[in-house]
Amino acid sequence: MLDRLEATIRQRMTADPATSYTAKLAADPAFAARKLGEEAVELVVASLAQDRSVVVKEAADVLFHLVALLAIKDVPLSEVAAELTRREGVSGLDEKASR
Ligand SMILES: N=c1c2ncn([C@@H]3O[C@H](COP(=O)(O)OP(=O)(O)OP(=O)(O)O)[C@@H](O)[C@H]3O)c2ncn1[C@@H]1O[C@H](COP(=O)(O)O)[C@@H](O)[C@H]1O
């Protein structure tokens, strides 16, 4: 699903911002970064206060805006996945030391 979403986002980035929210984000990377921050805060608030279904929706918003920002910065999801793979098997308590 995330690979499909990334492909859709990369395709829509060059569309008309009047008809595509992705293109609107791509036209203004600072706006895209700000939106990811806003969605992350909404997820944090939901996780503290709301029911599970709201958390699912807010998490979907965060994932969409994260994948969009990565595409705008031309960072493929596969590169992030490779970093997570590199961390596999390293305790989270020790991971910082391995960077
Ligand atoms: N998954 C998503 C997706 N999730 C959320 N959003 C949009 O992200 C925006 C979130 O903004 P907010 O929650 O802050 O709400 P808002 O409308 O800005 O209003 P406020 O709450 O801030 O007042 C909304 O406009 C949502 O529609 C998404 N927009 C697009 N996608 C995917 O991207 C594809 C291409 O979309 P377009 O680029 O618009 O064609 C879609 O088919 C989807 O697959």
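Here, every reference points to the structure presented above.
Residues numbered from 1 in each chain as written. Predicted model: local features only at pLDDT ≥ 70, side-chain atom pairs only at ≥ 80, totals over all residues.

(A) Expanded view of the overall build of the protein chain. From N to C terminus, the protein chain includes five helices and zero strands. Each principal axis of the C-alpha atoms in the protein chain carries an extent, and together these give about 45 × 35 × 25 Å. Taking all 99 residues of the protein chain together, 13% fall into the buried category. When contacts within the protein chain are restricted to residue pairs at least 6 apart in sequence, long-range pairs at least 24 apart make up 44% of them. (Helix = DSSP H or I, 4+ residues; strand = E, 2+ residues; numbered from the N terminus. Buried ≥ 20, exposed ≤ 12 C-beta atoms within 10 Å, placed from the backbone. Contact = placed C-beta atoms within 7 Å.)

(B) Representation of the nonpolar core. Of all hydrophobic cores here, the largest spans nine residues; its members are Ile 9, Leu 25, Ala 26, Ala 32, Leu 36, Phe 64, Val 67, Ala 68 and Ala 71. Elements supplying a minimum of two residues to this core: helix H2 (21-27), helix H3 (29-49) and helix H4 (52-72). Considering every element that reaches this core, the biggest residue donor is H4, with four residues. (Core = buried A, V, L, I, M, F, W, Y, C linked by C-beta atoms within 7 Å.)

(C) Just the site of the ligand, in detail. Taken together, the neighbourhood of the ligand is formed by Thr 8, Arg 12, Ser 20, Tyr 21, Thr 22, Ala 23, Asp 61 and Phe 64. For the shell around the ligand, the secondary-structure elements that each account for two or more residues are helix H1 (2-12), H2 and H4. Tallying contributions element by element places H2 first for the shell around the ligand, with three residues. (Near = placed C-beta within 6 Å.)

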